[in-house]
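An overview of the molecular structure
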Amino acid sequence: MKNTQGMLHQDALKGKTILVTGGGTGLGKSMGRYFMELGANLVIASRKMEVLEQTANELSQATGGQVLPVACDVRSYESIEKVIAAATDRFGSIDGLLNNAAGNFISPTERLSHRAFDTVVDIVLRGTYNFTLALGKQWIAQKQPGTILNIVTTYAWTGSGYVVPSATAKAGVLALTRSLAVEWAKYKIRSNAIAPGPFPTEGAWSRLLPSNLVEKFDPAKKNPLKRVGEHQELANLAAYLMSDYSAFVNGEVITIDGGEWLKGAGEFNHLDMVSQEMWDQLEQARKGNT
Ligand code: HXC
Ligand code: NAP
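Conventions and cut-offs
- Residues numbered from 1 in each chain as written.
- Chains lettered and ligands numbered in written order.
- Predicted model: local features only at pLDDT ≥ 70, side-chain atom pairs only at ≥ 80, totals over all residues.
- Heavy atoms only, no water.
- Near = heavy atom within 4 Å.
- Polar contact = N/O pair within 3.5 Å; in protein donor to acceptor, adjacent residues only side chain to side chain.
- Helix = DSSP H or I, 4+ residues; strand = E, 2+ residues; numbered from the N terminus.
- 1 Å grid on protein atoms, 1.4 Å probe; cavity = no way out; pocket = protein on both sides within 12 Å on 5 of 7 lines; lining within 4 Å.
- Points joined across faces, edges and corners; volume = space filled by probe spheres on them.
- Nonpolar A, V, L, I, M, F, W, Y, C, P; charged D, E, K, R; others polar.
- Pairing = 2+ DSSP bridges.
- Axes fitted to C-alpha atoms, helices over the stretch in contact; angles between N-to-C directions.
- Expected span 1.5 Å × (residues − 1).
- Bend = angle between axes of the 7 residues up to and from the residue.
- Areas by Shrake-Rupley, 256 points an atom, 1.4 Å probe, with all protein chains shown as cover.
- Core = buried A, V, L, I, M, F, W, Y, C linked by side-chain atoms within 4.5 Å.
- Buried < 20%, exposed > 50% of the residue type's maximum accessible area, 1.4 Å probe, protein only.
- Contact = heavy atoms within 4.5 Å.

The next point concerns the site of ligand 2. Taken together, 28 residues surround ligand 2, and among them Thr25, Ser46, Arg47, Asn100 and Thr201 come closest. The contact in question runs from an oxygen atom of ligand 2 to an N or O atom on the side chain of Thr201, over 2.6 Å. Tallying contributions element by element places helix α7 (residues 202–207) first for the shell around ligand 2, with four residues.

In this section: the layout of surface pockets. Computed from the structure, the second largest pocket encloses a volume of approximately 170 Å³. Looking at the lining of the second largest pocket, its residues break down into two nonpolar, three polar and five charged.

Let's shift gears to the sheet that holds strand β7 (residues 253–256). On the basis of which strands lie adjacent, the open sheet formed by seven strands has the order β3-β2-β1-β4-β5-β6-β7 and parallel pairing. Bordering the open sheet on either side are β3 (67–71) and β7, each of which pairs with just one other strand. Between one strand and the next, the sheet's axes are offset by a mean angle of 15°, whatever the strand orientation. In this structure, strand β2 (residues 41–46) lies alongside β3, joined through five bridges in parallel fashion. Residue pairing in the sheet places Val43 in a bridge with Leu68 of β3.

Right, let's get into helix α4 (residues 114–141). An ideal rise of 1.5 Å per residue puts 40 Å on 28 residues; α4 measures up with 38 Å between its terminal C-alpha atoms. The largest bend in α4 amounts to roughly 40° and is located at Asp122. Directly beyond the C-terminal end of α4, a positive phi value near 50° is found at Lys143.

Taken together, 17 residues lie around ligand 1, and Arg47, Arg75, Asn104, Ser113 and Arg115 are the ones closest in. Between ligand 1 and Arg75, the relevant distance is 3.1 Å, taken from an oxygen atom to a side-chain nitrogen or oxygen of the residue. One of the side-chain nitrogen or oxygen atoms of Arg115 is found 3.0 Å away from an oxygen atom of ligand 1. Considered on its own, ligand 1 offers 1100 Å² of accessible surface; in the complex 58% of this is hidden by protein. Of all the secondary structure elements, the ones that give two or more residues to the shell around ligand 1 are α4 and α7. Looking at which element gives the most residues to the shell around ligand 1, the answer is α4, with four residues. Residue composition of the shell around ligand 1, by class: eight nonpolar, five polar and four charged.

A general tendency of soluble globular proteins is for nonpolar side chains to be buried together. Grouped together as the largest cluster of nonpolar side chains are 31 residues, with contacts concentrated most on Leu13, Met31, Phe35, Leu42, Leu98 and Ile194. Secondary-structure elements contributing two or more residues to this core are β1 (17–21), α1 (26–37), β2, α2 (49–63), β5 (146–151) and α9 (231–242). No other element matches α9, which puts seven residues into this core. For Ile194, the contacting residues outside a window of four places in its chain are Leu149, Asn150, Ile151, Val152, Leu234, Leu237, Ala238, Leu241, Val253, Ile254 and Ile256. Ranked by size, the runner-up nonpolar core spans 24 residues in total, among them Val43, Leu68, Ile123 and Phe131.

Before going further, it helps to spend a moment on the environment of Val228. Mapped onto the fold, Val228 is located in the loop between α8 (211–216) and α9. Note on Val228: relative accessible area 21%, which makes it partly exposed. Counting along the chain gives 180 residues from Val228 to Lys48, while the straight-line C-alpha distance between them is 28 Å. Discounting residues that sit within four places of it in the chain, Val228 has contacts with Pro198, Pro200, Trp205, Pro219 and Ala220.

Take a look at the structure:
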C-alpha cells in the first residue's frame, strides 16, 4: 500500500456527477481524474476551452468515463448558470461541487491596483459563492442532496502577507463553508473544505513563483516532512469528502500540508535548527548547574 495509490473502493462515486471548477489543470485535474476512476461523471469548467477539451480527452481515454468540458468565467453568474444547465442536460443532475478555481499574485499589497485586488477576490470568493448559490438553489428546489467541497489554503485562518487578496478571499470561502454546513444541513447539503499545503502545479508554482524564487524558497525544505504533497494524496482526501463514506463530516476544513502551517505557528519550532551536539551541551550545562 502506497500514498500514491487510490484509496477508496473502486465504485465509491459510481453514478454521481461532480462539477469541478478549474478542472482543466493542476489539482482540479488530478482530483477530477480520480473521481472518474471511482465511477463519477465529471464536468470541468474554466475559461480556456482548449485546455478543458484537451483534459477531457485525456481523462476519458485514461478512465473510460464521461466528462463534459464547459467554458465559463466563475466571476459571472450568468456564465455559471449556463454550466449548470449544460451539466444537468447531459447528466440529469449534479451531485457534487468542487470549488477549486483560483487566481493569485505574489506581490507587496501596496503595489497592487484595486483592479488586481478585485481580480483575485472575484475569482476565489465570488466564483465560489456564485457556484454554491446557483447549485444550492437547484438542489433545494428539487429536494436533492448535494455535497460541496471548497479548496482553501492554511492562510485562510493565519492570514499571509504578499498574497493578501488571496488570503482575504480564502478566509471568506472558509466562512461560507462553515456557515452553510449548518444552514443547509436540513436540505441534506454538506459543505467541507480542504486546505492543501504545497502541491507542485504549473499554475501555483511556475506562474506564482518564478524559478529563482522556487529555488530560494523551496517549499520542501521548510516542511516538517521535508517534502511536498503528491497529487494522489489530495485526490484521496477529496474523493472521500465527496463520497457517502464521509456522510457525517460537515463543516470541516481538513489540512493536508505535512505540518507546514503549524511549524510556522509554534513560537519555538525554529529550534529544530539546533544540532544534537548543541542539545548535548545544553543538557550538560543544565546538569552541571543542579
Ligand atoms: C500584480 C497583476 C498581476 C501580478 C495581473 N495583475 N497579474 N498585478 N501582480 N502578477 C493585475 C493586472 O495588471 C490588472 O490590473 C488586473 O490584475 C487584472 O489582470 P488580468 O490579466 O486582466 O486578469 P485576468 O485575465 O482575469 O487573469 C487572471 C489572473 C491570472 C489571476 C491574473 O494570473 C490567472 O489566470 N491565474 C490563474 C492561475 C493561478 O493564479 N493559480 C494560482 C492558484 S494557487 P490593472 O490595474 O493593470 O488593470 C493558490 C494558492 C497558492 O491560490 C499557495 C501556494 C503554495
Ligand atoms: P491552477 O492549475 O492554476 O488552477 C487554477 C484553475 O482556476 C485553472 O484551471 C484556471 O483555468 C481556473 N480559473 C482561474 N480563473 C478562473 C475564472 N475566472 N473562471 C473559471 N476558472 C478560472 O492551480 P492549482 O495549484 O491547481 O490550484 C488549484 C486550487 O488549489 C486553487 O484553489 C488554489 O488556491 C489551491 N491551492 C493550491 C496549492 C498548491 O500548492 N498548488 C496550495 C494551496 C491551495 P482557466 O485559466 O482555464 O480559467
